[in-house]
Amino acid sequence: MPQSVTMAVKEWQLGTPETATYCFYDGLRNRLNNRLVSYLLEKAVPNGDAVVVEAGSGPGFASSILNNSGRTRISIALDIDLEALEEARKRDSALPLVVADLRALPFRSESVDLAWNSSTLEHLPEMTSALREMTRVVKPGGRVFVGVPNLFGPLGFERLIRNTAAGVWIGKTFSLAGLSNVLRSVGLSPERHIFYFFRFFVGSVARRD
């Protein structure tokens with residue numbers, strides 16, 4: 001989930017906590033996260049001792065699942081939004097949390113097996129600096145996964161409402177080709193892709209050579 005943007009409602013929320021809308025969105029998000037984690041474990045986690053960073057985690061639902069999967073040594077939820085990480089701590093007291101900016105990750109170069117996010121980079125004014133940082137911290141042969149709203153999915157209309165509150169909440173949309181080009185621009189090699197959550201999102205697993 002994304003870095004913070006100044007709005008009444010954060011991108012990792014839909015409605016305010018304890019409301020029916022918020023609870024409904026949480027249910028959908030849990031379904032998304034479970035399926036996405038299954039995909040990452042199959043396609044992007046190299047072994048049972050992986051170091052994983054969700055760079056822009058929001059409240060870290062998927063990071064919790066990864067951390068308890070038995071397939072990772074550690075799965076870290078990182079976000080600049082302290083409120084989101086406080087929600088993560090309430091839900092999972094054992095989840096490792098880091099407060100940091102995506103564009104300045106506090107990890108050594110080549111120290112991570114998988115750096116990833118979903119529904120995050122589309123909210124940044126310029127995403128390549130964050131992608132370069134994700135690439136920097138990944139080991140040679142490691143993976144970066146990025147999932148963004150699908151231009152040719154149900155959110156394709158976002159271009160028409162981009163400057164409205166709803167458009168800001170959705171974020172920029174991408175085609176598969178557009179996402180692949182951005183990944184290649186920072187030296188990554190896209191290997192496989194997925195359309196997920198009823199094709200609302202497109203994601204790519206890319207290798208650091």
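Since the model is a prediction, treat every value here as computed from it, not as a measurement. (Residues numbered from 1 in each chain as written. Predicted model: local features only at pLDDT ≥ 70, side-chain atom pairs only at ≥ 80, totals over all residues. Heavy atoms only, no water.)

Asker: Would you explain the packing of aromatic side chains in this entry?
Answerer: For any two aromatic rings, the description comes down to two numbers: the centre-to-centre distance and the angle of the planes. All told, the structure shown has seven aromatic pairs when counted by the stated rule. Seen from their ring centres, Phe145 and Tyr196 are 6.4 Å apart, and the 45 degrees between their planes marks the pair as tilted. Highlighted residues: Phe145 in strand E5 (residues 138–149) and Tyr196 in strand E6 (residues 188–196), separated in sequence by 51 residues. For the pair formed by Phe145 and Tyr196, the shared burial category is buried. A centroid spacing of 5.4 Å and a plane angle of 20 degrees characterise the contact between Tyr196 and Phe201, whose relative ring orientation is stacked. The burial state of Tyr196 is the same as that of Phe201; both residues are buried. (Phe/Tyr/Trp six-rings, centres within 6.5 Å; stacked < 30°, edge-to-face > 60°. Helix = DSSP H or I, 4+ residues; strand = E, 2+ residues; numbered from the N terminus. Buried < 20%, exposed > 50% of the residue type's maximum accessible area, 1.4 Å probe, protein only.)

Asker: Please explain the pattern of salt bridges as it appears in this structure.
Answerer: Side chains carrying opposite charge are able to pair once their charged atoms draw close together. As enumerated under the stated definition, the model contains 11 salt bridges in all. A salt bridge links Asp113 to Lys139; its shortest N-O distance comes to 3.3 Å. Linking Asp113 in strand E4 (residues 112–118) with Lys139 in strand E5, this pair joins segments that are 26 residues apart in sequence. If you follow the salt bridges from partner to partner, you end up with Arg143, Glu191 and Arg192 in one network. (Salt bridge = Lys/Arg side-chain N within 4 Å of Asp/Glu carboxyl O.)

Asker: Any chance you could explain helix H4 (residues 128–137) here in plain terms?
Answerer: Every α-helical turn comprises 3.6 residues, leaving residues that sit three or four positions apart pointing alike. Taken together, the buried positions of H4 are Ala130, Leu131, Glu133, Met134, Thr135 and Val137. Packed against the buried residues of H4 are strand E1 (50–55), E4, E5, helix H6 (176–185), E6 and strand E7 (201–208). (Contact = heavy atoms within 4.5 Å.)

Asker: Which parts of the structure should I look at to understand H6?
Answerer: Within the span of H6, buried status applies to Leu179, Ser180, Val182 and Leu183. The arc that holds the buried residues of H6, viewed along the axis, is 160 degrees, so those residues lie on one side. In this structure, the buried side of H6 is in contact with H4, E5, E6 and E7. Remark: Gly187 follows H6 within two positions and exhibits a positive phi of approximately 90 degrees. (Arc of directions from axis to C-beta.)

Asker: I tried to follow unusual backbone geometry on my own but got confused; where do I start?
Answerer: For residues besides glycine, phi is generally negative; the peptide bonds are generally trans as well. The phi dihedral of Phe198 falls on the positive side, at around 60 degrees, and the residue is not glycine. As for its placement among the helices and strands, Phe198 is situated in the loop between E6 and E7. When its relative accessible area of 51% is taken as the criterion, Phe198 is described as exposed. Even without glycine at this site, Arg199 takes up a positive phi of about 70 degrees. Mapped onto the elements, Arg199 comes out in the loop between E6 and E7.

Asker: So what exactly am I meant to see when it comes to the sheet that holds E6 here?
Answerer: Hydrogen bonds along the backbone pair up the strands of a sheet, which may run parallel or antiparallel. Pairing is mixed across the open sheet formed by seven strands, whose spatial order is E3-E2-E1-E4-E5-E7-E6. Single-partner strands in this sheet number two, and they are strand E3 (97–99) and E6. The mean inter-strand angle of the sheet, taken between neighbouring strand axes irrespective of direction, is 20 degrees. Sheet analysis places strand E2 (residues 72–79) next to E3, joined by three bridges and oriented parallel. From the neighbouring strand, Ala77 faces E3, where its bridge partner is Leu97. Packed onto the sheet, H4 meets E1, E4, E5, E6 and E7 and runs at close to 150 degrees relative to E5. Strand contacts of H6: E5, E6 and E7, with the helix running at about 25 degrees to E7, the strand carrying the most contacts. (Pairing = 2+ DSSP bridges. Axes fitted to C-alpha atoms, helices over the stretch in contact; angles between N-to-C directions.)

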